[in-house]
Amino acid sequence: MRAVQVTRLDGPEAIEIVDVAEPVAAPHEVLIDVHRVGISFPDLLLSRGQYQLKPELPFTLGVDVAGTVVEDGNGFTAGQRVCAVVPYGGGAERIAVNVDFVFPLPDEMSLDEGAALPMNYLTAHFALVVRGQAQPGESILIHGAAGGVGTATIQTAKALGLTAIAVVSTPEKGEVAKAAGADHVVLIDGFKDEVKAITEGRGVDLVLDVVGGDVFTDSLRSLAPLGRLLVVGFAAGQGIPEVKVNRLLLNNIDVRGVGWGDYAMRRAGYLKQQWNEIVPLIETGSIKPPIGAVYPVEEFGQALLDLDARKAVGKLVVAIR
Ligand SMILES: NC(=O)c1ccc[n+]([C@@H]2O[C@H](COP(=O)([O-])OP(=O)(O)OC[C@H]3O[C@@H](n4cnc5c(N)ncnc54)[C@H](OP(=O)(O)O)[C@@H]3O)[C@@H](O)[C@H]2O)c1
């Protein structure tokens, strides 16, 4: 079977489609015929050897997948549509996945949308509910709002009763954020003043930051008293921002780290619990991942280059079969 592999750490240009042996499922694993793989930031970093995980070469890319179950077992039936999340290795025609990381795909979701669901939406849910302790009626400023985690956070925040202010780099991305449900859209240049105007000087209760870099200090300045800044990622790649802790004291604000993967993978049952909480939001249509583009498997590397070039809107997806 075919797999999307990293054979040397030279980035997306060096990715190869190779023939590998089919996996055999262990007792606690579900065998899945993969139809779609969602492109994710960890794929990009893994291809360059820049991710916190350093798998031995060669290894298969792919974090978010959607497909069909191969055989009955572990509570799943042959042919059932599912999505799943793995640390890496999902980008192959057939994979064996720990049952804890496999979720039945609701009828409302296409396979493309299924491949856009697990990592981004469960990260958004964890960020808002566990780390942000978001309450209905609060407001949130979302950086990188037209991207994968950004659109997932807009939709999840709206479903939880928050006001969502999206920050984007172009008017076109603003349209994507608006379509995802943002109440307000502001451009990145001068966003702090815009946010103050929208909140009548008060500031926002939450900031979700997937970008890092230059926006960090102005994000802190955009918080209302008792506000929480959620550190989710560093897509700008400009180095890790630093915080002068007197700002936290003076304004009674928090900076909170969001490390969904490590938290979720270490707690048996937590992923299923999260999934059960978001399924009703899928069924009511509050969650509907925007798909930016679907690439053939041969263009997996190109999809990663487009993500890197900030061309992605919503989630990019690759068709494996
Ligand atoms: N902590 C966790 O548990 C967790 C979980 C999932 C993902 N993440 C991290 O979250 C980050 C975002 O992931 P994503 O899937 O949402 O990515 P994405 O779809 O590419 O969105 C990221 C957004 O960041 C903005 N951006 C600013 N500078 C950028 C740059 N130099 N390159 C690329 N984008 C840039 C872009 O918006 P504008 O062009 O509008 O500025 C882009 O839409 C990544 O760092 C990822 O590793 C963390």
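Labelled according to an unreviewed UniProt entry, the protein appears under the name NADPH:quinone oxidoreductase family protein, originating from Nocardioides dubius.

Enquirer: Let's hear about the packing of helix 3 (residues 118–131) against helix 10 (residues 270–283): which residues, and what values?
Expert: Following both chains from N to C, one finds helix 3 and helix 10 inclined at 90°, their axes separated by 10 Å at the closest point. Of the possible angle classes, the one that applies to helix 3 and helix 10 is roughly perpendicular. Of helix 10, the residues touching helix 3 (which contributes Tyr121, Leu122, His125, Phe126 and Val130) are Tyr270, Leu271, Gln274, Trp275, Glu277 and Ile278.

Enquirer: Explain the layout of surface pockets to me, and be specific about the residues and the numbers.
Expert: Taken as a whole, the second largest pocket spans an internal volume of roughly 180 Å³. Taken together, 14 residues make up the lining of the second largest pocket; nearest its centre are Thr60, Gly89, Ala92, Arg94 and Ile95. With 4 residues, the single largest contributor to the lining of the second largest pocket is strand 7 (residues 94–98). Classifying every residue of the lining of the second largest pocket by side-chain character gives 9 nonpolar, 4 polar and 1 charged.

Enquirer: Now, about the pairing of strand 12 (residues 204–209): what can you tell me, with residues and values included?
Expert: Along strand 12, 6 of the 6 residues are buried, which leaves the element largely enclosed by surrounding structure. Sheet analysis places strand 9 (residues 139–142) next to strand 12, joined by 3 bridges and oriented parallel. By the bridge assignment for strand 12, Leu141 is matched with Val207. Pairing of strand 12 with strand 13 (residues 223–231) involves 5 bridges; the strand directions are parallel. The residue of strand 13 that forms the bridge with Val207 is Leu229. Read from strand 12 through helix 7 (residues 215–221) to strand 13, the crossover connection turns out right-handed.

Definitions and cut-offs
Residues numbered from 1 in each chain as written. Predicted model: local features only at pLDDT ≥ 70, side-chain atom pairs only at ≥ 80, totals over all residues. Heavy atoms only, no water. Axes fitted to C-alpha atoms, helices over the stretch in contact; angles between N-to-C directions. Helix = DSSP H or I, 4+ residues; strand = E, 2+ residues; numbered from the N terminus. Parallel < 35°, antiparallel > 145°, perpendicular 65-115°, else oblique. Contact = heavy atoms within 4.5 Å. 1 Å grid on protein atoms, 1.4 Å probe; cavity = no way out; pocket = protein on both sides within 12 Å on 5 of 7 lines; lining within 4 Å. Points joined across faces, edges and corners; volume = space filled by probe spheres on them. Nonpolar A, V, L, I, M, F, W, Y, C, P; charged D, E, K, R; others polar. Buried < 20%, exposed > 50% of the residue type's maximum accessible area, 1.4 Å probe, protein only. Pairing = 2+ DSSP bridges. Right-handed = clockwise from strand over helix to strand, strands pointing away.

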